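Okay, here's what each chain looks like letter by letter:
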Amino acid sequence: MRTLVILLSALLLTACEEPKPTESLEEVMDDTPQEHAEKHLDTKYVCPMHPEIVSDKPGSCSICGMFLVKKEVESEEPKTTSEPAEKSSDTNK
């Protein structure tokens, strides 16, 4: 019984430790929504030639041996083009 009390006490003492923040609030407030989301995603690595090969860590493709690359997060921001918009031609000049 005494051993059980000691084990429970040790468990409670270690469980009460507060986690240490990795970033300050000021650093997090400057993040864009995209940067914030990337911090919470599980990073996946894929083969450029065989996208069905997915890994949780860097390495090489089991089919072709190429290095796996980090899968990019798709942005929902609208893409802007540098091409000017087409002008409608007016035939009544």
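One can find the structure itself at the top, above this paragraph.
All figures in this text were calculated on a predicted structure; none of them were measured in a lab. (Residues numbered from 1 in each chain as written. Predicted model: local features only at pLDDT ≥ 70, side-chain atom pairs only at ≥ 80, totals over all residues. Heavy atoms only, no water.)

**Remarks on the nonpolar core**
This is how the line gets drawn: Buried Ala, Val, Leu, Ile, Met, Phe, Trp, Tyr and Cys residues that are joined via side-chain atoms within 4.5 Å together make up what is termed a nonpolar core. Any residue under 20% of the maximum accessible area for its type is buried, any over 50% is exposed, and the rest in between are partly exposed; the area is computed with a 1.4 Å probe on protein chains only. Contact criterion: two residues are considered in contact whenever any of their non-hydrogen atoms come within 4.5 Å of each other.
With five residues, the main nonpolar core is built from Tyr-45, Cys-47, Ile-53, Cys-61 and Leu-68. When residues no more than four places from it in sequence are discounted, the contact partners of Ile-53 are Tyr-45, Val-46, Cys-47, Cys-61, Ser-62, Ile-63 and Leu-68.

**Details of the pattern of salt bridges**
Rules: In the sections that follow, a salt bridge refers to a side-chain nitrogen of Lys or Arg positioned within 4 Å of a carboxyl oxygen of Asp or Glu. A helix here means a DSSP run of H or I that spans at least four residues, while a strand means a run of E at least two residues long, and both kinds are numbered starting from the N terminus.
Going through the model one piece at a time under the given rule, you end up with one salt bridge. Across the pair Lys-44 and Asp-56 runs a salt bridge, and its minimum N-O distance is 2.6 Å. Here Lys-44, found in the loop between helix 3 (33–40) and strand 1 (45–46), pairs with Asp-56, found in the loop between strand 2 (54–55) and strand 3 (69–70); they are twelve residues apart in sequence, far enough to count as distant. The class of Lys-44 is partly exposed, set by a relative accessible area of 31%.

**Topic: the side chain of His-50**
Among the secondary structure elements, His-50 is positioned in the loop between strand 1 and strand 2. A relative accessible area of 18% means that His-50 is categorised as buried. His-50 has contacts with Cys-61, Ile-63 and Cys-64, leaving out every residue within four places of it along the chain.

**Some remarks on the sheet that holds strand 3**
This is how it is decided: Paired strands, as defined in this entry, are two strands with at least two bridges between them according to DSSP.
A sheet is described by the order of its strands in space; here three strands give the open sequence 2-1-3, paired in antiparallel fashion. The sheet is open, and its two edges are formed by strand 2 and strand 3, each paired on a single side. Here two bridges tie strand 1 to strand 2, and the two strands are oriented antiparallel to one another. Considered in strand 2, the bridge of Val-46 is made with Val-54.

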